Amino acid sequence: MLKTKLCTPKINKYIVNREKAEEKLKLLPEYRLAFVFAPAGYGKTTTVASYLLKSELKYAWFSIDEADNDPVRFWRYLTASIASELKNSCFQEISINMDLVSANITADLLIDMLGSISDDIVLVLDDYHLIHNETVQKSVEHLAGFMPPNLSLIILSRKEPERELFNMCVRENAIRIDINDLSFSPDETSELFMQRGIRLDPEELKVLQNCTEGWAAGLIAASFSILENNDVGGAVHAFSGKNRNIEKILLNEVFDQWTDEVKEFFIHTSFLDKLTGPLCGAVSGNGKSAELLRRLSESNSFIIPIDQENKWFRYHHLFQEFLMNRLETKPVLTRHTLYRLAGEWYRENGFMQDSISCFLEAEEYEKAFPLVWNIYLSMVQKSEFKLWRKYIESMPQQLCESDVRACTGYSWVLSMEGQLEKAQIWADKAQACYDRIKDSLKEKEKIFLEANICVTYANTAIFRMNAAEAVKQYRKVLTFNLDVPVIVGEMNSGEPNLLKTAYGFRGRLNKVAEAYENYVEDMPRFLGDFSSYIAVTLAECNYERGDLKAVHEILLKNMGRITSLNNPGIIVPCFIIYSKVKRARGDLAGAFKIIQSGKKILKEKSGSVWNYFFDIYQASLYLYAGDAKSASQYLHTDRMGVYDVLSAPREFEYITYARYLVLTNQPEDSLILLNRLENLAQKEDRLGSLVEILCLSAIAYSRLGNFSNSMLSLHKALSLGAPEGYVRTFADELEPMAGLLREYGAWTKRTEYSGGRQYAKRLLNTTEESIKIQRNANHPSKTVWTDSKADQVDFSARELEVLRLLMNDCSNREIAETLFITVRTVKFHNARIYEKLGVKNRIEAVIKARNLNLMN
């Protein structure tokens, strides 16, 4: 990361206060969003930087360039700018990948973290017009729309605001600073020239004002021309001309004012987005580049310092384009040499991605190729699949086809991006390459490369849901005597449960068992610590099938590899499934402790998407305990709605939100959301999600008294779950599901829907056993009535009095829990379920003893 992109541009000593713009900027605390837009050279950056430097505001600066159209890169720099200003590294731990940015999860994580601190801060996005990537634009719009109270945002752009940012301006929810505010007034123009020792009479001032229309860059260029001319009046009139081309101004009044040596320096370094002495020296051959850069900056030659130490600079974008046009006239060999020299400097100084880009421009593919492979693992671990693929695809195909590991790595990335046909083609290319070179390889090299190919074929088979082919490849790779495991990429780029990923066959338990059950013990031999992903996937499968003992055994055997690997993509699913086992065994307090332990092992800050998944799961535990108020604090229900945009990365969050809506007696809204989630799960082919959503829909319909639709939803869930052996998705719903399962048998006899009764009966037995476990468990939070629970169910004052009296009359915790469950059931369910709890007489006796009638 080039940290100078996060530095406030240094302001030249010749600065004119822009009164109109600054008066508007003073309104920033009230509006919190300012959009500064004007053509190039109107002083947007200088105006804002000057205002902020004079103010007492904390501000983070992010200078955007064309490469920031990569959503992952954009958000890494944005969060780093805030982290740098607040001196809080937590902001750099915010999780960022393509899916998270697209789903606005990354933006939400930043919003949450900013909302949790006391500091006020202004975020400046400079040169925002360079952003044309729709994903980046939408994420910035989301940030602007949901900014916490302590954040203000200033956006600088050459273009007028678009899309939602335009709507904010139209609704007068943002400050608009445009060309009318930034154009120099006659007084400001006069001050600019006076600072440079140039006194203009009113007529000369009027000529320049009309010629430039207050354009700062033109005025400064004019000042250069005047200073080089003894006749001020003549220079002013020579510069006049309302439609003068900026290139002519830059050529005559800036570029041609320098020696041939400096001109050559300009052109030879024009392709560099950021300039520093050693880099420019390596490219241009000028050993005094650092001194020259400082001198050019001080003379206002369209070179802008971007740090306070005058070590890093950048060309004014307009001037850079002017220089690049001249670079294009140079011979191809010259241009390639310049890019090669820059690539070598970047490589030696650790800027690997910049090095790769320059080598590719220089067509030095042999130098770029090893760097691309060297950063493979680090990039795919950060889910930067698209950028790595771009590097590979920029090189001659035959170069990649001549390297087995490049082929397998490319195939893996294509699989993760869902390009399965191409992934299969490159797996075949890996095999073809191996066949060509195997005779020249040593035995160990042969074994290692062949194992890579087998694992790649297994990977493409898994993504195609072909468990049998994956098994075939696993059997083959197990015949090899490997010294080191195969290098694979991240197998979970953003899911809290591995069953939801391709490696979990999207919830198809039979395929998971077929592919992994007989091989999980041997997988460390060829996958190393990455085999723990498969182990946890199998543990999730066993949990769903109700085999809690098997889950515990798998996790126990693999915990060392899981914690050693320390990848959040495996730690989060591991500790969530472990917590589910604790909860299923009646240890709710233990379930909470497991999540806290997972957070400690993860060692990621609050901005991490993985901690975000832990928080959502923690909200689900509170919902399980009936504590909607605590759940809402982790789920941030104030920012959620049933019509929000849904996506696979946010499915877990919105399923939990649907649970919250059911618990807080909002079944109609819950059903709207669940219907949308059902459509998403079908589209994404997520079987496990579909079963869970249908179970929740059945419960929500029952809360509305819509018995028919409740049974239909349950029937769909049973029809999908029975062939795969789903158990816990049903059993974990406890009392509501038990009531529905009891009714299901009779309902199927009365309707044309047959089958599934035996499966439903088995599920009922498991569910009732789970209910019994929960009742017998020691949960103090459920045995004492608190006002938080009262807030959750919205009881009247009289009902609260009755409830407290009832709890005081309980002789033991089991009765107390029964009373709590019964009261909640009366409030949310219906009389038939209440009757079946078998405690009616006991409760009525207590009520009569107090001469109160809760039943009415």
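Residues numbered from 1 in each chain as written. Predicted model: local features only at pLDDT ≥ 70, side-chain atom pairs only at ≥ 80, totals over all residues. Heavy atoms only, no water.

## Brief notes about the side chain of Asn133
Its place among the elements puts Asn133 in the loop between strand E3 (121–126) and helix H7 (134–145). Look past the residues within four positions of Asn133 in its chain and what remains in contact with it is Asn69 and Pro71. (Helix = DSSP H or I, 4+ residues; strand = E, 2+ residues; numbered from the N terminus. Contact = heavy atoms within 4.5 Å.)

## So, the packing of aromatic side chains
Each pair of aromatic rings is reported with the distance of its centres and the angle of its planes. Counted under the stated rule, the structure contains 29 aromatic pairs. Ring centres 5.6 Å apart and planes at 70° place the aromatic pair Phe255 and Phe322 in the edge-to-face group. One end of the pair, Phe255, is in the loop between helix H14 (246–253) and helix H15 (260–268); the other, Phe322, is in helix H18 (residues 317–327), and 67 residues separate them in sequence. The same class applies to Phe255 and to Phe322, which are both buried. (Phe/Tyr/Trp six-rings, centres within 6.5 Å; stacked < 30°, edge-to-face > 60°. Buried < 20%, exposed > 50% of the residue type's maximum accessible area, 1.4 Å probe, protein only.)

## Here's the deal with the pattern of salt bridges
Per the counting criterion, the structure on display carries 37 salt bridges. In this structure, the salt-bridge partner of Glu393 is Arg389, at a minimum N-O distance of 3.3 Å. You can see Glu393 and its partner Arg389 sitting in helix H23 (residues 385–393), four residues apart, about one turn around the helix. Residue Glu393 is classed as partly exposed on the basis of its relative accessible area of 37%. Across the salt bridge formed by Glu450 and Lys476, the nearest N and O atoms sit 3.8 Å from each other. Residue Glu450 is found in helix H27 (residues 443–463), and its partner Lys476 is found in helix H28 (residues 467–477); the two are separated by 26 residues along the sequence. Among the ionic contacts, a cluster of salt bridges with common partners joins Lys5, Asp65, Asp68, Arg73 and Lys274. (Salt bridge = Lys/Arg side-chain N within 4 Å of Asp/Glu carboxyl O.)

## Quick look at the nonpolar core
In this structure, Leu125 and Phe730 are the most contacted members of the largest nonpolar core, which totals 286 residues. The element that contributes the greatest number of residues to this core is H27, accounting for 12 residues. (Core = buried A, V, L, I, M, F, W, Y, C linked by side-chain atoms within 4.5 Å.)

## Looking at the confidence of the model for the protein chain
Of the residues in the protein chain, 88% have a pLDDT of 70 or more, and the chain-wide mean is 84. Counting contacts from residues 824–839, a segment whose pLDDT is below 50, to residues more than four positions away or on other chains yields 32 contacts. (pLDDT = per-residue confidence, 0-100.)

## Here's the deal with H28
Within H28, burial applies to Ala467, Ala470, Val471, Gln473, Tyr474 and Val477. Buried residues along H28 cover an arc of 165° about the axis, so they all sit on one side. The exposed residues of H28 that point more than 90 degrees off its buried face are Lys472 and Arg475. Where H28 is buried, its residues touch H27, helix H29 (509–516) and helix H30 (524–527). (Arc of directions from axis to C-beta.)

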